[in-house]
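Secondary and tertiary structure notes
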Amino acid sequence: MGSKPNFAEHLETPEPVFVKYPEIPHLTQVPEILDSDSLEVYEKLDGGNTQVRTHNRRIITGSRANFLSREEYFRFPWFGDFNKWAKSDYSFHNLPENLIIYGEFLSPHTLRYKPEFESRFFLIDLYDLNNEEFIPYESARKRLEDDLEIKSILFLEALAKGKQSMAKIKELAMGESQYSDYGREGVVIKDYCHHRFAKLWRTSVNHSRKGLLVEINKTILSLQHTKPLLVPRYIPEYLSRMVYNELKKSGRIDISLAEISDTIEMVLNKKPARV
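None of the values given here were measured: they were computed from a predicted structure. (Residues numbered from 1 in each chain as written. Predicted model: local features only at pLDDT ≥ 70, side-chain atom pairs only at ≥ 80, totals over all residues. Heavy atoms only, no water.)

For the rest of this paragraph, the subject is the packing of aromatic side chains. Within this structure, the stated rule accounts for 17 aromatic pairs. An angle of 80 degrees between the planes, with centres 5.1 Å apart, marks the rings of Phe117 and Tyr179 as edge-to-face. Taken together, the residues span a long stretch of sequence, with Phe117 in the loop between strand 4 (99–105) and strand 5 (121–128) and Tyr179 in the loop between helix 3 (166–173) and strand 8 (186–191) at a distance of 62 residues. Each of the two residues, Phe117 as well as Tyr179, counts as buried. When the ring of Phe122 is compared with that of Tyr179, the centres are 5.1 Å apart and the planes differ by 75 degrees; the resulting orientation is edge-to-face. (Phe/Tyr/Trp six-rings, centres within 6.5 Å; stacked < 30°, edge-to-face > 60°. Helix = DSSP H or I, 4+ residues; strand = E, 2+ residues; numbered from the N terminus. Buried < 20%, exposed > 50% of the residue type's maximum accessible area, 1.4 Å probe, protein only.)

Put into structure tokens, the structure is as follows:
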């Protein structure tokens, strides 16, 4: 689940060591996680991966890659919205320095959420630097809501708990969303007992032609949002390869590079997609 920094080493520094939320592998890469009988399944949100923590009596915010302490790190307008929201909530001063709150800030991204959830922050995980591990979700919620009285965070409800079959996980990934009218982006499977996480995207399950088009469109939007400097003019050949690699990571090994190139040409030229 990523590197584990020594908390004591950076307590007295002007700015702590940045601890990035780890990349979660696709379920096809770690199918053995389904052997556990202590699983928790949550809806996967498609917002901005962010964090809040405190250091030297200051509230510190971060994106997925950096602390939001310099203007050059504010690559998207919503970075400022998130930073302002977090630093205006003085209850975050109750947060001990050994805890990092990771969440999804639901700015407009690749999936539109219901108005009441836009520009809201959902807890994804709470990390304890002292123990170098994630706190189980329900315990994290109690710690933040009840013990620390931090009230502005929204929390996910578990879709399922206990041992799960692959068929059940796929069914959950395709289900209706509580937060969006467009369905779930997918699910995240968490095994806090063995420190293992996995994810399954909805479009990894839907192998129809329509599912392919949805997947490609979503991947293009995501790349435009997260890697704008890598494809400044969105050269079709380069973008095709990037989309192809992203889809392979999601388990879509049934899609050819030629098919992706044809679809991307339609998308970039705003031609109607053939379903």
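Next comes the rest of the description.
Before going further, it helps to spend a moment on the sheet that holds strand 2 (residues 48–55). Sheet architecture is open: five strands sit in the order 3-2-4-5-6, paired in antiparallel fashion. The strands lining the two open edges of the sheet, one partner per strand, are strand 3 (58–62) and strand 6 (133–135). The mean angle between the axes of side-by-side strands here comes to 30 degrees, regardless of whether they run parallel or antiparallel. With three bridges connecting them, strand 5 and strand 6 associate as antiparallel partners. When the bridges of strand 6 are listed, Tyr127 appears paired with Phe134. (Pairing = 2+ DSSP bridges. Axes fitted to C-alpha atoms, helices over the stretch in contact; angles between N-to-C directions.)

Let us look at the confidence of the model for the protein. For the protein, per-residue confidence averages 83 on the pLDDT scale, and residues scoring 70 or more make up 76% of the total. Low pLDDT (under 50) marks residues 5–11, which in the prediction has 15 contacts with non-local residues, meaning those over four places away or in another chain. Every residue in residues 271–275 is under pLDDT 50, and counting partners more than four places away or in other chains gives eleven contacts. (pLDDT = per-residue confidence, 0-100. Contact = heavy atoms within 4.5 Å.)

Tracing the backbone shows Ser152 in the loop between helix 2 (137–147) and strand 7 (160–161). On a C-alpha basis, the gap between Ser152 and Arg120 in space is 8.6 Å, while along the polypeptide they are 32 residues apart. Ignoring anything within four residues of it in the chain, the contact list for Ser152 reads Trp85, Asp89, Phe92, Arg120 and Phe121. In this structure the side chain of Ser152 is engaged in a polar contact, spanning 2.2 Å, whose partner is the side chain of Asp89. (Polar contact = N/O pair within 3.5 Å; in protein donor to acceptor, adjacent residues only side chain to side chain.)

This part covers the sheet that holds strand 9 (residues 196–201). If you trace the four strands from one edge of the open sheet to the other, you get 7-1-8-9, paired in antiparallel fashion. Strands with a single pairing partner mark the edges of an open sheet, and in this sheet they are strand 7 and strand 9. Direction of pairing for strand 8 relative to strand 9: antiparallel, over a ladder of six bridges. Note on strand 9: the bridge partner recorded for Lys190 is Phe197.

Phe92, Ile101, Leu144 and Ile153 are the most contacted members of the largest nonpolar core, which totals 45 residues. Elements supplying a minimum of two residues to this core: helix 1 (77–87), strand 4, strand 5, strand 6 and helix 2. Excluding its chain neighbours within four sequence positions, the residues that come into contact with Leu144 are Leu95, Ile101, Leu123, Leu126, Glu149, Ile150, Ile153 and Phe155. Core analysis: the second largest hydrophobic core is formed by 14 residues, Leu27, Leu34, Ile189 and Ala198 among them. (Core = buried A, V, L, I, M, F, W, Y, C linked by side-chain atoms within 4.5 Å.)

Attention now goes to unusual backbone geometry. Even without glycine at this site, Asn56 takes up a positive phi of about 50 degrees. By the element assignment, Asn56 lies in the loop between strand 2 and strand 3. Non-glycine residue His195 carries a positive phi angle of around 55 degrees. Take His195: it is sitting in the loop between strand 8 and strand 9. Assessed through its relative accessible area of 42%, His195 is described here as partly exposed.

Take helix 1 next. Along helix 1, the residues classified as buried are Trp78, Phe79, Phe82, Asn83, Trp85 and Ala86. End-on view of helix 1: buried residues confined to an arc of 165 degrees, all on one side of the axis. Helix 1 presents Pro77 and Lys84 as exposed residues on the side facing more than 90 degrees away from its buried surface. (Arc of directions from axis to C-beta.)

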